[in-house]
Amino acid sequence: MNHRFACNTADHTLSRRKVLGGFAGLAGAVAGGAGLFATGLSAAAAAQIKAQRKQVLFLWIDGGISQLESWDPKPNSQFGGPFRTIPTSVPGVHVSELMEHTAKQMHHLAVIRSMATKDENHSSAVARIQRGDPKNRGVAYPFFGSACAKFLGPGDSRLPPYVWVKPQSGGFRTEDAGFLGPQYGCLALGDGKAPENLLRNPALTAEVDAARNELRRKANERFARSHRSAENDANAYAYDMAAQLMVRQDLFDESKFTARDLDRYGRHDLGRHLLQARRLLEAGVTFVKVTSFHWDTHGDNFNLHQCLVP
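Residues numbered from 1 in each chain as written. Predicted model: local features only at pLDDT ≥ 70, side-chain atom pairs only at ≥ 80, totals over all residues. Heavy atoms only, no water.

J.: Can you walk me through the side chain of Lys289 in this structure?
T.: Here Lys289 shows up in strand β7 (residues 287-292). Put simply, Lys289 is tucked away with no salt bridge, and the nearest opposite charge, on Asp176, sits 4.1 Å away. (Helix = DSSP H or I, 4+ residues; strand = E, 2+ residues; numbered from the N terminus. Buried < 20%, exposed > 50% of the residue type's maximum accessible area, 1.4 Å probe, protein only. Lys, Arg positive; Asp, Glu negative; His and termini not counted. Salt bridge = Lys/Arg side-chain N within 4 Å of Asp/Glu carboxyl O.)

Next comes the structure, spelled out in structure tokens:
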């Protein structure tokens, strides 16, 4: 469909289809280096993106939030619900009245209202949306965070490039990496806290600990000469990552959150986890995912959204 725009800028020559196609092409590039050229992303352009040190904060509202009570309301329709729509800072764009603060920031946002998955299963669709792979491809595609860890890299911080701040349990999750290999998995921080056993046992001196680690490295190198495997690389990587996290234990000190920030972000799990994510990004982590559960609102959709959305 062709449109005439008063400003006549080049921005309007790009359709949504073209933009989304570019995203899909970038995701496809994780299949191998040649994929970069197949998608039209030159090696020079890829190097420029990496040099810009882009970082990502990815919020996953698990359940999830209803588009009709948030970004894409349908007033005066069968599915319109009880809430009004309100104008935003972008002329012509309306959102649910439950998002009055977000509406004022809409000029900073890009909302895609056509995204969907054809997967009918709740649990598998969660992974499919974060991977972007169609059904029955016969290969495990990497999650978005793993792809960013691969192509954007860890930067100079030496911290893990892909961190997941989530409720409940934590640990190093290799399954997110798919065919990229376990090294590009994510470090999950259960309840935003430091990994278990991060502190060195007080019975071990620094010298003894260094000697043990050196012995481990030599054993790994000897094993790798005849048993080269992605799992062995990931194992060595996990130890090196843990050593760097031991140096940066300050990242997990919640007492350093100011009262002002706690009030701004909210004195609840999601608020604390977002503060933790901000601290990780400021420290140089490339990709941080934050998950908020409890958004399955089938039983009492309107009342629950009135509580959850604000």
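J.: Can you help me understand the sheet that holds strand β1 (residues 56-61) in this one?
T.: By definition, the strands of a sheet pair up through backbone hydrogen bonds, in either a parallel or an antiparallel sense. Across the sheet, 5 strands lie side by side as β1-β7-β4-β6-β5; this open sheet has mixed pairing. Looking at strand neighbours, the two that pair on one side only are β1 and β5 (171-173), the edges of this open sheet. Each adjacent strand pair in this sheet contributes to an overall mean axis angle of 25°, direction not counted. Both β1 and β7 contribute to a ladder of 6 bridges, which runs parallel. Following the sheet pairing, Phe58 is matched in β7 by Lys289. (Pairing = 2+ DSSP bridges. Axes fitted to C-alpha atoms, helices over the stretch in contact; angles between N-to-C directions.)

J.: Please clarify how the pattern of salt bridges should be interpreted in this entry.
T.: Opposite charge on two side chains allows them to pair when their charged atoms are near. On inspection of all chains with the given rule, the structure shows 13 salt bridges. A salt bridge links Glu175 to Arg173; the shortest N-O distance between them is 3.4 Å. Glu175 sits in the partly exposed class, given a relative accessible area of 48%. For Arg272, the salt bridge goes to Glu254, with nearest N and O atoms at 3.0 Å.

J.: Whenever I open this one, the nonpolar core confuses me. Can you help?
T.: Generally speaking, soluble globular proteins have nonpolar side chains that are buried together. Core analysis: the largest hydrophobic core is formed by 18 residues, its most contacted members being Leu189, Leu280 and Val288. Every element with two or more residues in this core is listed here: β4 (162-166), β6 (186-190), α8 (230-247), α10 (269-283) and β7. Broken down by element, the residue count for this core peaks at 5 residues, all from α10. For Leu280, the residues in contact, after removing those within four places along its chain, are Val163, Val165, Leu189, Leu251, Val285 and Val288. Among the nonpolar cores identified, the runner-up in size contains 13 residues, and Phe58, Trp60, Phe143 and Tyr162 belong to it. (Core = buried A, V, L, I, M, F, W, Y, C linked by side-chain atoms within 4.5 Å. Contact = heavy atoms within 4.5 Å.)

J.: How do you make sense of empty space enclosed by the protein when you look at a structure like this?
T.: Where empty space is left becomes clear once a probe the size of a water molecule has been rolled over the atoms. With the rule as written, the count across this model stands at 2 cavities of 30 Å³ or more. Taken as a whole, the largest cavity spans an internal volume of roughly 40 Å³. Leu159, Pro160, Val163, Leu187, Leu189, Leu245, Phe252, Leu280 and Val285 are the residues that line the largest cavity. Quantified by volume, the second largest cavity comes out at close to 30 Å³. As for the second largest cavity, its lining consists of Leu68, Glu69, Pro73, Lys74, Gly80, Phe83, Arg84, Thr85 and Ser96. Residue composition of the lining of the second largest cavity, by class: 3 nonpolar, 3 polar and 3 charged. (1 Å grid on protein atoms, 1.4 Å probe; cavity = no way out; pocket = protein on both sides within 12 Å on 5 of 7 lines; lining within 4 Å. Points joined across faces, edges and corners; volume = space filled by probe spheres on them. Nonpolar A, V, L, I, M, F, W, Y, C, P; charged D, E, K, R; others polar.)

J.: Is there a simple way to explain α10 in this structure?
T.: The α-helix advances 3.6 residues per turn, and as a result positions three or four apart in sequence lie on the same side. Relative to the 21 Å expected for 15 residues at 1.5 Å per residue, α10 spans 21 Å between its end C-alpha atoms, a close match to the ideal helical length. Among the residues of α10, those classed as buried are Gly271, His273, Leu274, Leu275, Gln276, Ala277, Arg279, Leu280, Leu281 and Ala283. Those residues of α10 that are buried lie in contact with β1, β4, β6, α9 (259-265) and β7. Positive phi appears at Gly284, one or two residues downstream of α10, with a value of about 115°. (Expected span 1.5 Å × (residues − 1).)

J.: Sorry, what's going on with the packing of aromatic side chains here?
T.: Here the distance between the centres and the angle between the planes together describe a pair of aromatic rings. This structure, assessed with the given rule, holds 7 aromatic pairs. Ring plane angle 15° and centroid distance 6.2 Å describe the contact between Phe58 and Trp60, whose orientation is recorded as stacked. When the centroid spacing of 6.0 Å and the interplanar angle of 70° are considered together, the rings of Phe58 and Phe144 count as edge-to-face. With Phe58 in strand β1 and Phe144 in helix α6 (residues 144-152), this pair connects stretches of sequence that are 86 residues apart. Overall, Phe144 belongs to the partly exposed group, its relative accessible area being 40%. One aromatic cluster in this structure is built from Phe58, Trp60, Phe144, Tyr162 and Phe287. Its end group placed over the ring of Trp164, Lys166 keeps NZ or CZ at 5.3 Å from the ring centre. (Phe/Tyr/Trp six-rings, centres within 6.5 Å; stacked < 30°, edge-to-face > 60°. Lys NZ or Arg CZ within 6 Å of the ring centre and 35° of its normal.)

Distances and angles like these do not, on their own, reveal function.
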